[in-house]
Amino acid sequence: KMEEAVKVDSPDIVEMFSPPRVTKVGKGMGLEAGEAMDLITGWDFSREEDRKRDWRYIKVEKPKLIIGSPPCTMFSALQHMHKRTPERVERLAEAKRHMDFMTEVYEHQLARGWWFLHEHPHTAASWRLKGVWEMCLKPGVQVTVADQCMYGLKTEGAKGQSPQPARKRTRFMTNCPGVAEELQRRCDGSHVHQELLGKDRAGKAAEYPEELCRAICRGLVKELKPKPLR
């Protein structure tokens, strides 16, 4: 009976490596929001006990959609321009451990017949990691590309200018068809982009615009609707 109760009350969305973004918007759209696991909410996935705590949560709560957005800094094209130091080598190794952890979580979701969504910049080297491209090739998994300017992403304009659209081309990997359908909008060329140069601009652009959160939730709502009997 306990098992049945857990399934009935299972959260519709859980976020990993993220403060409440999609979960927050999902609540307003009638979805059952689960944890948003991030350093600022008390989760540190570089610690083994927090990874174990996460697995316990996933196995008990059985979330329907898990969204993963592990740190992408060490996989950016700019990293190749930096000198190789022991500290950088360790930071890259940790970034890869985070990616391995997320792909294990996605595997678990696939095996259970539920969903995952992974997001990283379109050009991130992480897409070439063995575990990630093997995941991309699994039956039912789709990879889409979207420009976040079409979901309202803006960044600080040049001096004296108001915020301007930022393209931030992003690649998504998911096994949730409704979500994949929502995450394919490419720039329509109706505006000029502000480059995401500088720490402040890039940091701000790491936050999902509300419309992107809504798009993910819309896709999930669509999939959760009972399918008509043929």
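Structure: see above.
Residues numbered from 1 in each chain as written. Predicted model: local features only at pLDDT ≥ 70, side-chain atom pairs only at ≥ 80, totals over all residues. Heavy atoms only, no water.

Some details on the packing of aromatic side chains
What the rule picks out here adds up to 6 aromatic pairs. When the ring of Phe 17 is compared with that of Phe 45, the centres are 4.9 Å apart and the planes differ by 55°; the resulting orientation is tilted. Of this pair, Phe 17 sits in the loop between β1 (13-16) and α2 (22-28) while Phe 45 sits in the loop between β2 (33-37) and α3 (48-61), and the two are 28 residues apart along the sequence. Neither residue differs from the other here; Phe 17 and Phe 45 are each classed as buried. A ring pair is formed by Trp 43 and Phe 45, whose centres lie 6.0 Å apart and whose planes are at 35°; its orientation type is tilted. The class of Trp 43 is buried, set by a relative accessible area of 6%. By relative accessible area, which is 3% here, Phe 45 ends up buried. Pairwise contacts between aromatic rings join Phe 17, Trp 43, Phe 45, Trp 55 and Phe 101 into one cluster. The ring of Trp 43 carries the charged tip of Arg 53 above its face, separated from the ring centre by 3.7 Å. Lying over the aromatic face of Tyr 151, Arg 185 brings its terminal NZ or CZ to 5.2 Å of the ring centre. (Phe/Tyr/Trp six-rings, centres within 6.5 Å; stacked < 30°, edge-to-face > 60°. Helix = DSSP H or I, 4+ residues; strand = E, 2+ residues; numbered from the N terminus. Buried < 20%, exposed > 50% of the residue type's maximum accessible area, 1.4 Å probe, protein only. Lys NZ or Arg CZ within 6 Å of the ring centre and 35° of its normal.)

Observations concerning the pattern of salt bridges
Tallied over the entire structure, the rule returns 14 salt bridges. Between Arg 53 and Asp 50 there is a salt bridge whose closest N-O contact spans 3.7 Å. Of this pair, Arg 53 and Asp 50 both sit in helix α3, 3 residues apart, which is roughly one turn of the helix. One salt bridge connects Arg 218 with Glu 211, and the closest N-O pair in it is separated by 2.9 Å. (Salt bridge = Lys/Arg side-chain N within 4 Å of Asp/Glu carboxyl O.)

Here's the deal with the pairing of β2
When β1 meets β2, the two strands line up parallel, connected through 3 bridges. If you follow Ile 13 over to β2, its bridge partner there is Ala 33. Where the polypeptide runs from β1 across α2 and back to β2, its parallel neighbour, the crossover connection is right-handed. (Pairing = 2+ DSSP bridges. Right-handed = clockwise from strand over helix to strand, strands pointing away.)

What to know about the sheet that holds strand β3 (residues 65-68)
Strand order in the open sheet formed by 6 strands is β2-β1-β3-β4-β8-β5, with mixed pairing between adjacent strands. Whereas interior strands pair on both sides, the edge strands pair on one side only; in this sheet they are β2 and β5 (142-147). Averaged over all adjacent pairs, the angle separating strand axes in this sheet is 15°, with direction ignored. Pairing geometry for β1 and β3, over 4 bridges, is parallel. (Axes fitted to C-alpha atoms, helices over the stretch in contact; angles between N-to-C directions.)

Remarks on α3
Here α3 spans 20 Å end to end across 14 residues, near enough to the 20 Å set by a 1.5 Å rise per residue. When we look at burial in α3, the residues that qualify are Asp 50, Asp 54, Trp 55, Tyr 57 and Ile 58. Along the long axis of α3, the arc covered by the buried residues comes to 160°, so they all point the same way. As for α3, its buried residues are in contact with β1, β2, β3 and α4 (86-112). Of the residues one or two after α3, Lys 62 is the one with positive phi, at around 55°. (Expected span 1.5 Å × (residues − 1). Arc of directions from axis to C-beta. Contact = heavy atoms within 4.5 Å.)

As for the packing of α3 against α4
Where α3 contacts α4, the axes come no closer than 12 Å and their chain directions differ by 15°. The orientation of α3 with respect to α4, classified from their angle, is roughly parallel. Here the hand of the crossing between α3 and α4 comes out right-handed. On the side of α3, the interface is formed by Arg 51, Asp 54, Trp 55, Ile 58 and Lys 59, while α4 contributes Phe 101, Glu 104, Val 105, His 108 and Gln 109. Its residues placed into classes, the contact of α3 with α4 shows 4 nonpolar, 2 polar and 4 charged. (Parallel < 35°, antiparallel > 145°, perpendicular 65-115°, else oblique. Left-handed = near helix turned anticlockwise from the far one by under 90°. Nonpolar A, V, L, I, M, F, W, Y, C, P; charged D, E, K, R; others polar.)

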